[in-house]
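Each chain, letter by letter, is given below.
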Amino acid sequence: MRKRRGPGQRAPGSTRSVEHTDGQSVLTDSLWRRYSEFELLRNYLLVYYPHIVVPPLPEKRAEFVWHKLSADNMDPDFVERRRIGLENFLLRIASHPTLCRDKIFYLFLTQEGNWKETVNETGFQLKADSRLKALNATFRVKNPDKRFTELKHYSDELQSVISHLLRVRARVADRLYGVYKVHGNYGRVFSEWSAIEKEMGDGLQSAGHHMDVYASSIDDILEDEEHYADQLKEYLFYAEALRAVCRKHELMQYDLEMAAQDLASKKQQCEELATGTVRTFSLKGMTTKLFGQETPEQREARIKVLEEQINEGEQQLKSKNLEGREFVRNAWADIERFKEQKNRDLKEALISYAVMQISMCKKGIQVWTNAKECFSKM
Amino acid sequence: MGDYASAQSAEVLQKNISGLLCVFVPQQLQGDIQRLSHLLLDRALFCYQMLKPKKDLILPNGGTPAGTSSPASSSSLLNRLQLDDDIDGETRDLFVTVDDPKKHVCTMETYITYRITTKSTRVEFDLPEYSVRRRYQDFDWLRNKLEESQPTHLIPPLPEKFVVKGVVDRFSEEFVETRRKALDKFLKRITDHPVLSFNEHFNVFLTAKDLNAYKKQGIALLTRVGESVKHVTGGYKLRSRPLEFAAIGDYLDTFALKLGTIDRIAQRIIKEEIEYLVELREYGPVYSTWSTLEGELAEPLEGVSACIGNCSTALEELTDDMTEDFLPVLREYILYSDSMKSVLKKRDQVQAEYEAKLEAVALRKEDRPKVPADVEKCQDRMECFNADLKADMERWQNNKRQDFRQLLMGMADKNIQYYEKCLMAWESIIPLLQEKQEAK
């Protein structure tokens, strides 16, 4: 997964090539995909697997930058990191027990031309519930599954804390950069000073060189740290995927509750018609009161219609209930899988971060020890 | 030896000593003979004071001898004649320390005094040990007195006199400690100096119970002694500085410039480090907040938070150390080179005066076989000044080298310690992060 077209040749996205190795046979294909095609794939997966915590895409635009890092999307470092992110996205899908078997995913990796048409032919956009995308959709769910409510709360908190963390980390990186770079000035002034000294000259000069080394070491250090930031970002975006599953549950639960409510009211209407008691208000009821009773035949007809509707409603409710329970079961299984993955991954990320810090400290000790030796020879 | 009241006789003695030494010393060292003989004379005259009743003496370098009435022994006489330029401490006979700052609250003002402990086997000191308390303005007084009475020598600098009230707390522990160290250094530098350490004012500073009484008396002394000292007035323009002194002047100019740059860089680094620290102090706690949301990750995240906290503390220690130990020494050296440049200018004045007077004599065309006494006096004054300055310059260069070696090694050390503390923190957390947690 190495190739990339030059920037500016195809705006706004850049292309990626993909190699696919199937578990059974080694299929090495190589084709080009734009970022927008990755987005299309993901949207498709979101619609067809609403109970799955779908892996997120890397950021389209550079966010949480610290000043040295270019916020330019064409910057080679950013493009490279995004490439790695997209690769990671595909690996996540490939290693998911359910998603890896998806045909469209397979075609994404293998079908050169017309993949977009193939996806659109599935008609997934029609299946998509626009309500899911509506951020402000407010619907009151009376009996949500408590676990999902807690999970939604968790995903909100996680999103908030990781954003905060990434923001502060960027500022920390900025400051650290400043500290290291100013030391470079010592290099120059020590060199100038050594020119007027006799015995002290050599020591000063060589110490100055070490100060230059120190100042330039920060670039690599911070570059490495960006990988850690990217790992955190992935889980920041994962929080959104988590919330999407919770939303789906809410929506299903809402539909269920609405259907149940509707069924109950129809049943009641039917009962009233049959017994002749009017408890519920209805326009028909009022008009018959005002303009005369309807004929028994008419009433019978209406009861029959309602009974049909009630039957249908009951069937629907049953299937909705089933659907709902199945959704909860499957979703929760994937959520457990996701939790394990998250704990593993974040632990790894923290370990690699600690290792980075250790390396930075060791480099610092080395440089200053060298400088100290030079000073001792003054 | 007769009465030394006249400078001429002192001159003669010096010339005799020079002559004696020149017999035994090779040509290339004869430049140093001036210096050596001068030193010898200094010492000899002090010894003389012990044998004769107190008399006011005017020495070629303008100093006044310490008055003491204790009887001299031959061994102490020998002691006195010993040339000790070395700083090893093997032959050191004077030790001075500044410590124990104490705050004094009076109706009019509040100030700090420092304890000055002196231990010495020198005969100028009546007792082997002294302990007095002095405040900054006493040090200031001493420095002024030294500048007046030893104008041909380089007087070490004092830490800055004025502090901006409100910005710096004059009574904070850090400020007082920084000042104490600088004052200690100031006295130690004088102690190490073969001429300055025998200065009368220095002796009184170290020993007198009531310094203020002496200070008042000193004003009267000045008017008598002042003549030969204050005689180095302006009004004479030097045509050209001799090469070696021009070189010293150029060196000092560049040196001060470079130090100024280093001071600015150091300040900038501290500023950046403090801003980095501010961000770190916000960064660490976010991991802590996150850990409250998590189950299995709670401990690792909390560990990282604590780790960052430790690094923050280490960084704060680094910035404090640099502010308290590094910056003041730099500033001291900048002040030092400034005062040295003014001594160089005074030297120029003395030379200018001599050259002017010499020229005046030549113009008068009187057929005097000998150069008039006052012109000779000027010449001697100039030559002594040159000798003193060169000797002090060499001493200063050596001290400077050692001081900067120590200062810069110290800076490197502090940074190493900072990184070592951080390293330890991060290494200790690795096992915690790798720990497999029991299924909850």
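Residues numbered from 1 in each chain as written. Chains lettered and ligands numbered in written order. Predicted model: local features only at pLDDT ≥ 70, side-chain atom pairs only at ≥ 80, totals over all residues. Heavy atoms only, no water.

The subject of this paragraph is the confidence of the model for chain A. All names here are of chain A. Averaged over every residue, the pLDDT of chain A is 84; the share at 70 or more is 83%. Of all helices and strands in chain A, the one with the weakest mean pLDDT is strand E1 (residues 15–18) (48), whereas helix H7 (residues 146–194) scores best (95). Every residue in residues 1–16 scores below 50 in pLDDT, and together they form 42 contacts with partners more than four places removed in sequence or on other chains. Low pLDDT (under 50) marks residues 19–28, which in the prediction has 15 contacts with non-local residues, meaning those over four places away or in another chain. (pLDDT = per-residue confidence, 0-100. Helix = DSSP H or I, 4+ residues; strand = E, 2+ residues; numbered from the N terminus. Contact = heavy atoms within 4.5 Å.)

Bringing the interface of chain A and chain B into the picture now. Counting residues at the interface gives 54 residues for chain A and 56 residues for chain B. Of the roughly 5500 Å² buried between chain A and chain B on both sides combined, carbon and sulfur atoms contribute 75%. Its largest share of buried area at the contact with chain B, chain A owes to A:Arg175, A:Tyr186 and A:Lys347, together 12% of the area lost on that side. The tally of links from chain A across to chain B stands at nine salt bridges. Where A:Arg171 meets B:Glu279, a salt bridge forms, and the shortest distance between an N and an O atom there is 2.8 Å. Here chain A is connected to chain B by 18 residue pairs in polar contact (both at pLDDT 80 or more). Among the secondary structure elements, those contributing two or more residues to the side of chain A that touches chain B are H7, helix H8 (201–275) and helix H10 (296–376) of chain A. With 24 residues, the top contributor of residues to the side of chain A that touches chain B is H7(A). (Buried area = accessible area lost by both parts, 1.4 Å probe. Salt bridge = Lys/Arg side-chain N within 4 Å of Asp/Glu carboxyl O. Polar contact = N/O pair within 3.5 Å; in protein donor to acceptor, adjacent residues only side chain to side chain.)

A few words now on the domain arrangement of chain B. All names here are of chain B. You can read the domains of chain B as domain 1 (2–81), domain 2 (94–222) and domain 3 (243–439). Just the C-alpha atoms count here: the centres of domain 2 and domain 3 sit 23 Å apart. Residue-level contacts link 20 residues of domain 2 with 20 residues of domain 3. Taking both sides of the interface into account, the surface hidden between domain 2 and domain 3 amounts to around 1800 Å²; carbon and sulfur atoms contribute 54%. Our count for the contact surface shared by domain 2 and domain 3 stands at four salt bridges. (Domains from an automatic or database assignment.)

Turning our eyes to something else, we now look at the packing of helix H1 (residues 35–48) of chain A against helix H2 (residues 76–94) of chain A. Residues and elements named next belong to chain A. Between H1 and H2, whose axes approach to 12 Å, the crossing angle comes to 30°. Here H1 is positioned roughly parallel relative to H2, judged by the angle of their axes. Relative to H2, the crossing made by H1 is left-handed. Residues Tyr35, Phe38, Leu41, Arg42 and Leu45 of H1 form the contact with H2, whose own contacting residues are Arg82, Leu86, Phe89, Leu90 and Ile93. (Axes fitted to C-alpha atoms, helices over the stretch in contact; angles between N-to-C directions. Parallel < 35°, antiparallel > 145°, perpendicular 65-115°, else oblique. Left-handed = near helix turned anticlockwise from the far one by under 90°.)

Further remarks concern the sheet that holds strand E1 (residues 94–105) of chain B. Residue and element names in this part refer to chain B. One open sheet holds the three strands; their spatial order is E1-E2-E3, and the pairing between them is antiparallel. Lying at the two open borders of the sheet, with one neighbouring strand each, are E1 and strand E3 (129–135). If you compare each strand with its neighbour and ignore which way they point, the axes differ by 20° on average. Alignment of strand E2 (residues 110–120) against E3, held across seven bridges, turns out to be antiparallel. Looking across to E3, one finds that Arg115 is bridged to Arg133. Here helix H4 (residues 136–149) sits on the sheet and contacts E1, E2 and E3; the angle it forms with E3, its principal contact strand, is near 105°. (Pairing = 2+ DSSP bridges.)

The next subject is a negative patch on the surface. All names here are of chain A. A surface patch of negative charge is lined by Glu297, Glu300, Glu307, Glu308 and Glu312. Summarising the element assignment, Glu307 is placed in helix H10. Residue Glu307 is classed as partly exposed on the basis of its relative accessible area of 44%. (Patch = residues over 30% accessible without salt bridge, like charges linked within 9 Å, V, L, I, M, F, W, Y side chains within 5 Å. Areas by Shrake-Rupley, 256 points an atom, 1.4 Å probe, with all protein chains shown as cover. Lys, Arg positive; Asp, Glu negative; His and termini not counted. Charge placed at Lys NZ, Arg CZ, Asp CG, Glu CD. Buried < 20%, exposed > 50% of the residue type's maximum accessible area, 1.4 Å probe, protein only.)

Next up on the list: the environment of A:Ile218. Residue and element names in this part refer to chain A. In this fold, Ile218 is placed in helix H8. We classify Ile218 as buried; its relative accessible area is 0%. In this structure the C-alpha to C-alpha distance between Ile218 and Thr122, which are 96 residues apart in sequence, comes to 50 Å. Contacts of Ile218, omitting those with residues within four sequence positions, involve Leu176, Tyr177, Tyr180 and Lys181.

Here we come to the pattern of salt bridges. Side chains that differ in charge, positive against negative, can pair when their charged atoms come close. Under the defined criterion, the tally for this structure stands at 59 salt bridges over all chains. Taking the shortest distance from any N to any O, the salt bridge between A:Asp230 and A:Arg81 comes out at 2.8 Å. Of this pair, A:Asp230 sits in helix H8 while A:Arg81 sits in helix H2; the two residues are 149 residues apart in sequence, bridging distant segments of the chain. Where B:Glu244 meets B:Lys390, a salt bridge forms, and the shortest distance between an N and an O atom there is 3.5 Å.

Another point: the packing of aromatic side chains. Scanning the model with the defined rule gives 33 aromatic pairs over all chains in all. Seen from their ring centres, A:Tyr238 and A:Phe338 are 4.9 Å apart, and the 55° between their planes marks the pair as tilted. Taken together, the residues span a long stretch of sequence, with A:Tyr238 in helix H8 and A:Phe338 in helix H10 at a distance of 100 residues. Residue A:Tyr238 shares its accessibility class with A:Phe338, and that shared class is buried. Ring plane angle 85° and centroid distance 5.9 Å describe the contact between B:Trp141 and B:Tyr214, whose orientation is recorded as edge-to-face. Within this pair, whereas B:Trp141 is found in helix H4, its partner B:Tyr214 is found in helix H7 (residues 211–230), the two being separated by 73 residues in sequence. B:Trp141 sits in the buried class, given a relative accessible area of 12%. Residue B:Tyr214 is classed as buried on the basis of its relative accessible area of 10%. Ring pairs connect the aromatic residues A:Trp193, B:Tyr251, B:Phe255, B:Tyr333, B:Tyr336, B:Trp396 and B:Phe404, which therefore count as one cluster. Here the guanidinium or amino end of B:Lys103 rests over the ring plane of B:Phe171, the centre of that ring lying 4.7 Å away. Its guanidinium or amino end placed over the ring of B:Phe198, B:Arg122 lies 4.0 Å from that ring's centre, counting from NZ or CZ. (Phe/Tyr/Trp six-rings, centres within 6.5 Å; stacked < 30°, edge-to-face > 60°. Lys NZ or Arg CZ within 6 Å of the ring centre and 35° of its normal.)

Here the focus is the nonpolar core. Counting residues in each nonpolar core, the largest one holds 130 residues, and the members touching the most others are A:Tyr186 and A:Phe190. Where this core is concerned, the elements lending two or more residues are H7, H8 and H10 of chain A together with helix H8 (243–291), helix H9 (298–364) and helix H10 (373–434) of chain B. With 23 residues, the single largest contributor to this core is H10(B). Setting aside residues up to four positions removed in sequence, A:Phe190 forms contacts with A:Leu204, A:Ala207, A:Gly208, A:Met211, A:Phe375, B:Ile262 and B:Leu408. (Core = buried A, V, L, I, M, F, W, Y, C linked by side-chain atoms within 4.5 Å.)

Residues and elements named next belong to chain B. Of all eleven residues that make up E2, eight are buried, and the element is covered over most of its length. Bridge count between E1 and E2: ten bridges; the pairing is antiparallel. Bridge pairing in E2 links Lys102 to Thr113. Two successive antiparallel strands, E1 and E2, enclose a turn made up of four residues.

Here the focus is the side chain of A:Arg42. Residue and element names in this part refer to chain A. On the secondary structure map, Arg42 appears in helix H1. One buried charged side chain, Arg42, makes no salt bridge at all; its nearest oppositely charged neighbour is Glu240, positioned 7.9 Å away. One polar contact links the side chain of Arg42 to the main-chain carbonyl oxygen of Pro55, over a distance of 2.6 Å. Every residue in contact with Arg42, bar those within four places of it in the chain, is listed here: Val54, Pro55, Pro56, Leu57, Phe89 and Ala241.

The axes of two packed helices give the description: the angle between them and the distance between them. Residues and elements named next belong to chain A. Where H1 meets helix H3 (residues 103–110), the axes come as close as 10 Å, and the angle between the chain directions of the two elements is 165°. Regarding the angle of H1 to H3, the classification is roughly antiparallel. When the axes of H1 and H3 are compared, the crossing they make is left-handed. Where H1 approaches H3, its residues Glu37, Phe38, Leu41 and Tyr44 are matched on the opposing element by Ile104, Phe105 and Phe108. Of the residues assigned to the contact of H1 with H3, the class counts are six nonpolar, no polar and one charged. (Nonpolar A, V, L, I, M, F, W, Y, C, P; charged D, E, K, R; others polar.)

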